[in-house]
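Below, each chain spelled out in residue letters.
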Amino acid sequence: MMSLRSLATTAALLGNTVYALSPPAKRAVPALAQVINQKSFNVLPTVPPAVDYNASSAPWVPLNFTAEGLMDKPFHIYDDDFLDIIGPNPTFTILAQTPKDPIFHEAVVWYKPKDEVFFVQNAGNPDAGTGLNKSAAIFKISLKEADAVKGTRNATGKVKVTQIPSNPEIPNPNGATQYKGQLLYAAEGQGPNKAPALIVLNPLEPYNTTVLLNNFFGRQFNSLNDLGINPKNLDIYFTDPTYGESNNFRPAPGMPTQVYRYNDKTGAVSIAADGFAMPNGITFSPKGEYAYISDTGIWRHGLELTNPSSIYRFDVQSDGTFENRKTFAFIDTNIPDGIHTDSKGNVYAGVGDGIHVWNPSGKLLGKIYTGRTSANFQFVGGGRMVIGGETQLFYATLAAEGNLVTSQL
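Engineer: Where do I start with the nonpolar core in this structure?
Structural biologist: General note: in soluble globular proteins, nonpolar side chains tend to be found buried as a group. Among the nonpolar cores identified, the biggest contains 24 residues, and Phe 75, Phe 82, Ile 85, Tyr 348, Ile 355, Ile 368 and Met 385 are the most heavily contacted of them. When residues of this core are assigned to their parent elements, the largest contribution, 4 residues, is made by helix 3 (residues 82–86). With sequence-adjacent residues up to four places away left out, Ile 355 is seen in contact with Tyr 348, Ala 349, Gly 350, Gly 366, Lys 367, Ile 368, Ser 374, Phe 377, Met 385 and Ile 387. One finds Ile 36, Tyr 53, Ala 67 and Ala 329 within the second-largest nonpolar core, a separate group that totals 21 residues.

Engineer: Hey, could you run me through the packing of aromatic side chains in this one?
Structural biologist: In this structure the tally under the stated criterion is 19 aromatic pairs. Following the ring pairs from residue to residue traces out a cluster consisting of Tyr 237, Phe 276, Phe 284, Tyr 312, Phe 314 and Phe 322. Between the NZ or CZ atom of Arg 313 and the centre of the ring of Tyr 290, over which it lies, the distance is 4.1 Å. Here the guanidinium or amino end of Arg 325 rests over the ring plane of Phe 276, the centre of that ring lying 4.8 Å away.

Engineer: Please explain the layout of surface pockets as it appears in this structure.
Structural biologist: To find the voids left in a structure, one rolls a probe of water-molecule size over its atoms. Its boundaries defined by the atoms lining it, the second largest pocket holds a volume of some 420 Å³. Lining the second largest pocket are 18 residues, with Phe 41, Tyr 53, Trp 60, Ile 331 and Asp 332 sitting closest to its centre. At the level of elements, strand 24 (354–358) and strand 25 (364–369) are the ones that each hand at least two residues to the lining of the second largest pocket. Tallied by class, residues from the lining of the second largest pocket come to 13 nonpolar, 3 polar and 2 charged.

Engineer: I tried to follow the sheet that holds strand 10 (residues 197–201) on my own but got confused; where do I start?
Structural biologist: Through backbone hydrogen bonds, the strands of a sheet pair up, either in parallel or in antiparallel fashion. Across the sheet, which stays open at both edges, the 4 strands sit in the order 8-9-10-11 with antiparallel pairing between neighbours. Bordering the open sheet on either side are strand 8 (173–179) and strand 11 (209–213), each of which pairs with just one other strand. Along the sheet, successive strands turn relative to each other by an average axial angle of 30°, direction set aside. As paired strands, strand 9 (residues 182–187) and strand 10 are joined by 5 bridges and run antiparallel to one another. By the bridge assignment for strand 10, Ala 187 is matched with Ala 197.

Each value, and the rule that gives it
- Every chain is numbered independently, its residues counted from 1 as its sequence is written.
- At least 70 in pLDDT is required for a residue's local features to be given in this predicted model, at least 80 for side-chain atom pairs to be given and counted, and no such filter applies to totals for whole chains, interfaces and linings, which use all residues.
- Neither water nor hydrogens contribute to the side-chain values; these are computed over all heavy atoms in the structure.
- Only buried Ala, Val, Leu, Ile, Met, Phe, Trp, Tyr and Cys residues count toward a nonpolar core, and they belong to the same one when joined by side-chain atoms within 4.5 Å.
- Burial here depends on accessible area, computed with a 1.4 Å probe over protein chains only, as a share of the maximum for the residue type. Under 20% is buried, over 50% is exposed, and the range in between is partly exposed.
- Only DSSP runs of H or I reaching four residues or more are called helices, and only runs of E reaching two or more are called strands; each is numbered from the N terminus.
- Between two residues, a contact is recorded if the distance between any of their heavy atoms is within 4.5 Å.
- Centres within 6.5 Å are what make two rings of Phe, Tyr or Trp a pair, Trp counting through its six-membered ring; a difference in plane orientation under 30 degrees is then read as stacked, over 60 as edge-to-face, and the rest as tilted.
- Throughout this description, the term charge over a ring refers to an Arg CZ or Lys NZ atom that lies within 6 Å of the ring centre and within 35 degrees of the ring normal.
- Cavity and pocket criteria rest on a 1 Å grid covering protein atoms alone: a 1.4 Å probe that fits but cannot get out defines a cavity, protein on both sides within 12 Å along at least 5 of 7 lines defines an open pocket, and an atom within 4 Å of a point defines a lining residue.
- Grid points are joined across faces, edges and corners, and a volume is the space filled by probe spheres set on the points.
- Amino acid classes used here: Ala, Val, Leu, Ile, Met, Phe, Trp, Tyr, Cys and Pro are nonpolar; Asp, Glu, Lys and Arg are charged; the rest, including Gly, are polar.
- Here a strand pair is declared whenever DSSP counts at least two bridges between the two strands.
- Where helices are involved, their axes are fitted lines through C-alpha atoms of the stretch in contact, as for all axes, and angles between N-to-C directions lie from 0 to 180°.

Structure, rendered in C-alpha coordinates:
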(Lines give C-alpha, C1' and ligand atoms only; values in the text may rest on other atoms or scores of the structure.)
Protein backbone atom coordinates (compact mmCIF):
# COMPACT_ATOMS: atom_id res chain seq x y z
CA MET A 1 0.00 0.00 0.00
CA MET A 2 3.03 2.25 0.12
CA SER A 3 3.51 4.94 -2.53
CA LEU A 4 7.21 5.76 -2.52
CA ARG A 5 8.79 9.02 -3.57
CA SER A 6 12.35 9.43 -4.71
CA LEU A 7 14.85 9.37 -1.85
CA ALA A 8 16.87 11.95 -3.68
CA THR A 9 13.85 14.27 -3.90
CA THR A 10 13.19 13.80 -0.21
CA ALA A 11 16.77 14.67 0.66
CA ALA A 12 16.56 17.80 -1.45
CA LEU A 13 13.39 18.89 0.33
CA LEU A 14 15.05 18.49 3.69
CA GLY A 15 18.10 20.54 2.76
CA ASN A 16 21.81 19.88 2.67
CA THR A 17 22.96 21.34 5.97
CA VAL A 18 25.53 19.10 7.66
CA TYR A 19 24.76 18.30 11.28
CA ALA A 20 26.90 16.62 13.90
CA LEU A 21 27.28 12.90 13.44
CA SER A 22 25.75 10.56 15.96
CA PRO A 23 27.55 10.56 19.30
CA PRO A 24 29.52 7.43 20.12
CA ALA A 25 27.53 4.70 21.82
CA LYS A 26 28.49 3.91 25.39
CA ARG A 27 29.25 0.33 24.32
CA ALA A 28 30.85 -1.25 21.28
CA VAL A 29 28.75 -0.98 18.14
CA PRO A 30 28.50 -4.17 16.03
CA ALA A 31 29.81 -4.15 12.46
CA LEU A 32 26.31 -4.10 10.91
CA ALA A 33 24.95 -1.45 13.28
CA GLN A 34 25.13 2.34 13.49
CA VAL A 35 24.03 4.97 15.97
CA ILE A 36 21.34 7.46 14.95
CA ASN A 37 21.46 10.68 16.98
CA GLN A 38 17.89 11.98 17.12
CA LYS A 39 19.03 15.38 18.36
CA SER A 40 20.90 15.94 15.10
CA PHE A 41 17.63 16.37 13.21
CA ASN A 42 15.51 18.10 15.84
CA VAL A 43 15.84 21.33 13.85
CA LEU A 44 15.83 21.22 10.04
CA PRO A 45 16.57 24.13 7.69
CA THR A 46 13.42 23.30 5.71
CA VAL A 47 10.44 21.22 6.80
CA PRO A 48 8.32 20.34 3.72
CA PRO A 49 4.51 20.47 3.86
CA ALA A 50 2.50 17.27 4.06
CA VAL A 51 1.68 17.40 0.35
CA ASP A 52 5.41 16.91 -0.32
CA TYR A 53 6.50 14.65 2.54
CA ASN A 54 4.17 12.43 4.56
CA ALA A 55 3.60 8.87 5.77
CA SER A 56 3.44 7.54 2.20
CA SER A 57 6.75 9.09 1.20
CA ALA A 58 10.15 7.43 0.97
CA PRO A 59 11.60 6.14 4.25
CA TRP A 60 13.12 8.78 6.49
CA VAL A 61 16.81 9.36 5.79
CA PRO A 62 18.41 11.41 8.61
CA LEU A 63 20.68 14.25 7.60
CA ASN A 64 24.29 13.23 7.10
CA PHE A 65 23.13 9.74 6.06
CA THR A 66 22.20 8.18 2.73
CA ALA A 67 19.71 5.46 1.86
CA GLU A 68 22.62 3.27 0.80
CA GLY A 69 24.44 3.90 4.06
CA LEU A 70 21.37 2.99 6.08
CA MET A 71 21.14 -0.34 4.21
CA ASP A 72 24.86 -1.07 4.57
CA LYS A 73 24.45 -1.13 8.35
CA PRO A 74 20.78 -2.03 8.83
CA PHE A 75 20.66 -2.20 12.64
CA HIS A 76 19.98 1.39 13.69
CA ILE A 77 20.59 2.25 17.33
CA TYR A 78 18.31 5.00 18.67
CA ASP A 79 18.93 4.03 22.30
CA ASP A 80 21.77 2.06 23.89
CA ASP A 81 19.30 -0.59 25.09
CA PHE A 82 18.96 -1.69 21.46
CA LEU A 83 22.43 -3.22 21.82
CA ASP A 84 20.94 -5.78 24.22
CA ILE A 85 18.40 -6.72 21.55
CA ILE A 86 20.77 -7.11 18.60
CA GLY A 87 23.72 -8.53 20.54
CA PRO A 88 27.42 -8.23 19.61
CA ASN A 89 27.24 -9.77 16.13
CA PRO A 90 23.83 -9.47 14.40
CA THR A 91 23.51 -10.63 10.80
CA PHE A 92 21.20 -9.56 7.99
CA THR A 93 20.63 -11.48 4.75
CA ILE A 94 18.40 -11.21 1.69
CA LEU A 95 17.14 -14.77 1.29
CA ALA A 96 15.02 -14.45 -1.84
CA GLN A 97 13.46 -11.93 -4.19
CA THR A 98 11.11 -11.66 -7.14
CA PRO A 99 11.02 -9.10 -9.96
CA LYS A 100 7.62 -7.72 -8.93
CA ASP A 101 5.31 -10.40 -7.46
CA PRO A 102 4.87 -9.58 -3.72
CA ILE A 103 4.91 -13.15 -2.41
CA PHE A 104 6.75 -12.18 0.81
CA HIS A 105 3.91 -10.13 2.25
CA GLU A 106 2.11 -11.33 5.37
CA ALA A 107 1.38 -14.21 7.76
CA VAL A 108 5.01 -15.03 8.51
CA VAL A 109 4.75 -18.01 10.86
CA TRP A 110 7.18 -20.65 12.16
CA TYR A 111 6.44 -24.37 12.08
CA LYS A 112 8.87 -25.60 14.71
CA PRO A 113 8.76 -29.41 14.17
CA LYS A 114 10.28 -29.06 10.68
CA ASP A 115 11.95 -25.69 11.27
CA GLU A 116 10.12 -24.12 8.35
CA VAL A 117 8.65 -20.66 7.87
CA PHE A 118 5.41 -20.04 5.99
CA PHE A 119 4.29 -16.71 4.48
CA VAL A 120 1.68 -15.45 2.02
CA GLN A 121 1.33 -13.37 -1.12
CA ASN A 122 -0.23 -9.91 -1.12
CA ALA A 123 -3.99 -10.17 -1.77
CA GLY A 124 -5.39 -7.52 -4.07
CA ASN A 125 -2.04 -6.33 -5.34
CA PRO A 126 -2.06 -5.85 -9.16
CA ASP A 127 1.46 -7.25 -9.45
CA ALA A 128 0.27 -10.45 -7.78
CA GLY A 129 -2.95 -10.72 -9.77
CA THR A 130 -4.66 -11.83 -6.58
CA GLY A 131 -7.86 -10.95 -4.81
CA LEU A 132 -11.23 -11.51 -6.45
CA ASN A 133 -10.38 -14.04 -9.15
CA LYS A 134 -7.28 -15.65 -7.65
CA SER A 135 -6.50 -16.20 -3.99
CA ALA A 136 -3.20 -15.12 -2.51
CA ALA A 137 -0.93 -18.16 -2.28
CA ILE A 138 0.98 -19.65 0.67
CA PHE A 139 4.73 -20.35 0.45
CA LYS A 140 7.41 -21.75 2.74
CA ILE A 141 11.19 -21.99 3.18
CA SER A 142 13.51 -24.21 5.21
CA LEU A 143 15.37 -22.45 8.02
CA LYS A 144 18.17 -25.00 7.67
CA GLU A 145 18.86 -23.48 4.26
CA ALA A 146 18.57 -19.96 5.69
CA ASP A 147 21.01 -20.75 8.51
CA ALA A 148 23.55 -21.98 5.96
CA VAL A 149 23.75 -18.54 4.30
CA LYS A 150 23.35 -16.22 7.30
CA GLY A 151 26.85 -14.78 6.88
CA THR A 152 25.98 -13.64 3.34
CA ARG A 153 24.33 -10.28 2.70
CA ASN A 154 22.58 -11.43 -0.48
CA ALA A 155 21.81 -15.15 -0.79
CA THR A 156 19.19 -14.90 -3.54
CA GLY A 157 18.83 -18.23 -5.32
CA LYS A 158 20.35 -20.28 -2.49
CA VAL A 159 17.14 -20.81 -0.49
CA LYS A 160 14.25 -22.69 -2.12
CA VAL A 161 10.81 -21.06 -1.98
CA THR A 162 8.01 -23.63 -2.22
CA GLN A 163 4.32 -22.92 -2.86
CA ILE A 164 1.84 -24.75 -0.62
CA PRO A 165 -1.47 -26.01 -2.13
CA SER A 166 -3.89 -25.64 0.80
CA ASN A 167 -6.89 -27.95 0.39
CA PRO A 168 -9.59 -26.68 0.41
CA GLU A 169 -7.89 -23.45 -0.54
CA ILE A 170 -7.70 -20.70 2.09
CA PRO A 171 -9.33 -17.62 0.47
CA ASN A 172 -6.78 -14.80 0.68
CA PRO A 173 -4.90 -15.69 3.87
CA ASN A 174 -3.39 -12.68 5.64
CA GLY A 175 -2.49 -13.38 9.29
CA ALA A 176 -1.21 -16.57 10.91
CA THR A 177 -0.08 -18.04 14.21
CA GLN A 178 0.84 -21.42 15.68
CA TYR A 179 -2.19 -23.38 16.86
CA LYS A 180 -2.07 -26.74 18.63
CA GLY A 181 0.83 -27.98 16.51
CA GLN A 182 -0.70 -26.67 13.30
CA LEU A 183 -1.08 -23.20 11.73
CA LEU A 184 -4.11 -20.96 12.13
CA TYR A 185 -4.85 -18.39 9.41
CA ALA A 186 -7.02 -15.29 9.30
CA ALA A 187 -8.54 -15.41 5.81
CA GLU A 188 -9.85 -12.19 4.26
CA GLY A 189 -12.40 -13.99 2.08
CA GLN A 190 -12.98 -13.71 -1.65
CA GLY A 191 -15.98 -12.07 -3.27
CA PRO A 192 -19.43 -12.17 -1.62
CA ASN A 193 -19.70 -15.95 -1.26
CA LYS A 194 -16.35 -17.02 0.21
CA ALA A 195 -16.65 -15.61 3.70
CA PRO A 196 -13.71 -14.43 5.82
CA ALA A 197 -12.77 -17.12 8.33
CA LEU A 198 -10.34 -18.53 10.84
CA ILE A 199 -8.91 -21.61 9.12
CA VAL A 200 -6.52 -24.28 10.43
CA LEU A 201 -3.83 -25.55 8.04
CA ASN A 202 -2.06 -28.86 8.44
CA PRO A 203 1.54 -27.77 7.66
CA LEU A 204 2.36 -31.21 6.28
CA GLU A 205 1.19 -32.83 3.07
CA PRO A 206 -1.58 -32.95 1.91
CA TYR A 207 -1.91 -29.47 3.53
CA ASN A 208 -5.58 -30.05 4.38
CA THR A 209 -7.55 -27.23 5.98
CA THR A 210 -10.37 -27.00 8.51
CA VAL A 211 -12.61 -23.97 9.05
CA LEU A 212 -12.70 -23.01 12.73
CA LEU A 213 -14.99 -19.95 12.55
CA ASN A 214 -16.61 -18.10 9.64
CA ASN A 215 -19.39 -15.89 11.05
CA PHE A 216 -20.65 -13.72 13.88
CA PHE A 217 -24.14 -15.04 14.65
CA GLY A 218 -24.83 -15.62 10.96
CA ARG A 219 -23.19 -12.42 9.71
CA GLN A 220 -20.05 -12.33 7.57
CA PHE A 221 -16.98 -10.62 8.92
CA ASN A 222 -15.47 -7.87 6.74
CA SER A 223 -11.99 -9.22 5.87
CA LEU A 224 -10.10 -10.80 8.76
CA ASN A 225 -6.55 -9.50 9.00
CA ASP A 226 -4.48 -10.75 11.93
CA LEU A 227 -4.78 -12.84 15.06
CA GLY A 228 -3.02 -13.69 18.31
CA ILE A 229 -3.45 -16.19 21.13
CA ASN A 230 -3.56 -14.84 24.67
CA PRO A 231 -1.01 -16.82 26.72
CA LYS A 232 -3.17 -16.50 29.85
CA ASN A 233 -6.47 -17.98 28.64
CA LEU A 234 -5.48 -19.34 25.18
CA ASP A 235 -8.43 -17.56 23.58
CA ILE A 236 -7.97 -16.36 19.99
CA TYR A 237 -8.22 -12.61 19.39
CA PHE A 238 -8.48 -11.33 15.83
CA THR A 239 -8.88 -8.08 13.90
CA ASP A 240 -11.44 -7.29 11.20
CA PRO A 241 -10.78 -4.18 9.07
CA THR A 242 -12.18 -3.62 5.56
CA TYR A 243 -9.09 -4.03 3.38
CA GLY A 244 -10.82 -6.66 1.26
CA GLU A 245 -13.28 -4.02 0.11
CA SER A 246 -10.53 -1.40 -0.23
CA ASN A 247 -8.64 -3.77 -2.52
CA ASN A 248 -11.71 -4.72 -4.56
CA PHE A 249 -12.08 -8.38 -3.66
CA ARG A 250 -14.75 -8.15 -0.94
CA PRO A 251 -18.19 -6.49 -1.00
CA ALA A 252 -19.13 -3.45 1.05
CA PRO A 253 -18.66 -4.15 4.78
CA GLY A 254 -21.62 -5.09 6.94
CA MET A 255 -19.91 -4.86 10.33
CA PRO A 256 -17.95 -2.23 12.28
CA THR A 257 -14.16 -2.48 12.17
CA GLN A 258 -13.59 -4.33 15.44
CA VAL A 259 -11.43 -6.78 17.38
CA TYR A 260 -13.03 -10.10 18.32
CA ARG A 261 -12.40 -12.83 20.85
CA TYR A 262 -13.04 -16.52 20.20
CA ASN A 263 -13.07 -19.35 22.73
CA ASP A 264 -12.54 -22.55 20.76
CA LYS A 265 -13.63 -24.72 23.69
CA THR A 266 -17.11 -23.23 24.07
CA GLY A 267 -17.53 -21.67 20.62
CA ALA A 268 -18.23 -18.25 22.16
CA VAL A 269 -17.48 -15.22 19.95
CA SER A 270 -17.51 -11.75 21.48
CA ILE A 271 -16.25 -8.22 20.89
CA ALA A 272 -12.93 -7.44 22.54
CA ALA A 273 -12.53 -3.81 21.39
CA ASP A 274 -13.88 -1.26 18.93
CA GLY A 275 -13.27 2.39 18.09
CA PHE A 276 -10.68 1.70 15.39
CA ALA A 277 -10.48 3.10 11.88
CA MET A 278 -8.68 -0.03 10.62
CA PRO A 279 -7.62 -2.55 13.32
CA ASN A 280 -4.69 -4.49 11.92
CA GLY A 281 -1.88 -6.25 13.82
CA ILE A 282 -2.44 -7.78 17.26
CA THR A 283 -0.15 -9.36 19.84
CA PHE A 284 0.26 -9.89 23.58
CA SER A 285 2.98 -9.29 26.15
CA PRO A 286 4.84 -12.40 27.39
CA LYS A 287 2.58 -12.91 30.43
CA GLY A 288 -0.54 -11.75 28.63
CA GLU A 289 -1.17 -8.72 30.84
CA TYR A 290 -1.11 -6.35 27.85
CA ALA A 291 -2.59 -6.53 24.36
CA TYR A 292 -1.15 -4.43 21.53
CA ILE A 293 -3.27 -3.55 18.50
CA SER A 294 -2.27 -1.44 15.52
CA ASP A 295 -4.68 0.92 13.78
CA THR A 296 -3.76 1.60 10.16
CA GLY A 297 -6.67 3.85 9.27
CA ILE A 298 -4.29 6.20 7.48
CA TRP A 299 -4.72 3.72 4.59
CA ARG A 300 -8.41 3.14 4.10
CA HIS A 301 -9.83 4.35 0.79
CA GLY A 302 -6.54 5.80 -0.31
CA LEU A 303 -4.36 7.94 1.94
CA GLU A 304 -6.14 9.69 4.82
CA LEU A 305 -3.34 11.47 6.66
CA THR A 306 -5.32 12.52 9.72
CA ASN A 307 -6.35 8.94 10.52
CA PRO A 308 -4.29 6.77 12.89
CA SER A 309 -1.00 5.09 12.06
CA SER A 310 -0.59 3.99 15.64
CA ILE A 311 -0.23 1.14 18.12
CA TYR A 312 -2.52 1.00 21.14
CA ARG A 313 -1.99 -0.90 24.37
CA PHE A 314 -4.77 -2.40 26.48
CA ASP A 315 -4.70 -3.91 29.95
CA VAL A 316 -5.94 -7.50 29.79
CA GLN A 317 -8.12 -8.27 32.79
CA SER A 318 -8.23 -11.63 34.57
CA ASP A 319 -11.39 -12.52 32.64
CA GLY A 320 -9.72 -11.80 29.30
CA THR A 321 -11.48 -8.50 28.62
CA PHE A 322 -9.62 -5.32 27.61
CA GLU A 323 -9.49 -2.07 29.58
CA ASN A 324 -7.51 1.17 29.75
CA ARG A 325 -6.71 1.85 26.10
CA LYS A 326 -3.45 3.80 25.79
CA THR A 327 -1.64 5.19 22.75
CA PHE A 328 1.65 3.29 22.70
CA ALA A 329 3.37 4.53 19.52
CA PHE A 330 2.81 6.60 16.38
CA ILE A 331 4.71 5.51 13.26
CA ASP A 332 6.95 7.87 11.30
CA THR A 333 7.05 5.80 8.10
CA ASN A 334 3.85 4.40 6.60
CA ILE A 335 1.90 2.10 8.96
CA PRO A 336 2.41 -0.41 11.80
CA ASP A 337 1.21 -3.65 10.25
CA GLY A 338 2.29 -6.91 11.91
CA ILE A 339 3.32 -6.56 15.57
CA HIS A 340 5.06 -8.94 17.98
CA THR A 341 6.79 -8.88 21.35
CA ASP A 342 10.00 -10.49 22.51
CA SER A 343 10.55 -12.50 25.69
CA LYS A 344 11.32 -9.32 27.65
CA GLY A 345 8.22 -7.47 26.54
CA ASN A 346 9.78 -5.19 23.94
CA VAL A 347 7.40 -4.41 21.07
CA TYR A 348 8.26 -4.82 17.36
CA ALA A 349 6.25 -3.60 14.37
CA GLY A 350 6.62 -4.09 10.62
CA VAL A 351 6.42 -0.62 9.04
CA GLY A 352 7.35 1.28 5.88
CA ASP A 353 11.12 0.94 6.24
CA GLY A 354 11.60 -2.30 8.17
CA ILE A 355 11.05 -3.25 11.81
CA HIS A 356 10.78 -0.65 14.58
CA VAL A 357 11.42 -1.67 18.19
CA TRP A 358 10.17 -0.03 21.40
CA ASN A 359 10.64 -0.89 25.05
CA PRO A 360 7.49 -1.67 27.11
CA SER A 361 7.14 2.04 27.95
CA GLY A 362 6.96 3.04 24.28
CA LYS A 363 10.49 4.42 23.90
CA LEU A 364 11.93 3.83 20.43
CA LEU A 365 15.06 1.70 20.85
CA GLY A 366 16.04 1.02 17.27
CA LYS A 367 15.17 -0.14 13.80
CA ILE A 368 16.03 -3.12 11.62
CA TYR A 369 16.17 -1.28 8.33
CA THR A 370 15.03 -2.94 5.11
CA GLY A 371 14.40 0.30 3.21
CA ARG A 372 10.99 -0.97 2.07
CA THR A 373 7.55 -1.86 3.34
CA SER A 374 7.90 -4.84 5.67
CA ALA A 375 4.34 -5.69 6.58
CA ASN A 376 5.09 -8.79 8.61
CA PHE A 377 7.89 -10.74 10.32
CA GLN A 378 8.32 -13.41 12.95
CA PHE A 379 10.76 -14.65 15.56
CA VAL A 380 11.66 -18.23 14.64
CA GLY A 381 13.64 -19.48 17.64
CA GLY A 382 17.32 -19.26 18.48
CA GLY A 383 17.59 -15.49 18.03
CA ARG A 384 16.38 -15.70 14.42
CA MET A 385 13.88 -13.49 12.62
CA VAL A 386 12.32 -13.75 9.15
CA ILE A 387 11.05 -10.49 7.62
CA GLY A 388 8.70 -10.16 4.68
CA GLY A 389 9.49 -7.27 2.35
CA GLU A 390 6.90 -7.76 -0.41
CA THR A 391 9.30 -8.72 -3.23
CA GLN A 392 12.20 -9.54 -0.90
CA LEU A 393 12.56 -11.94 2.02
CA PHE A 394 15.04 -11.08 4.80
CA TYR A 395 16.70 -13.11 7.53
CA ALA A 396 18.20 -11.55 10.66
CA THR A 397 19.96 -13.05 13.64
CA LEU A 398 20.12 -11.17 16.92
CA ALA A 399 20.19 -11.67 20.68
CA ALA A 400 16.47 -11.21 21.40
CA GLU A 401 14.15 -14.19 21.63
CA GLY A 402 10.56 -14.00 20.50
CA ASN A 403 7.53 -14.28 22.72
CA LEU A 404 5.82 -17.45 21.51
CA VAL A 405 2.94 -19.34 23.12
CA THR A 406 4.89 -22.56 23.61
CA SER A 407 1.80 -24.72 24.19
CA GLN A 408 0.74 -24.02 20.59
CA LEU A 409 4.03 -24.92 18.87
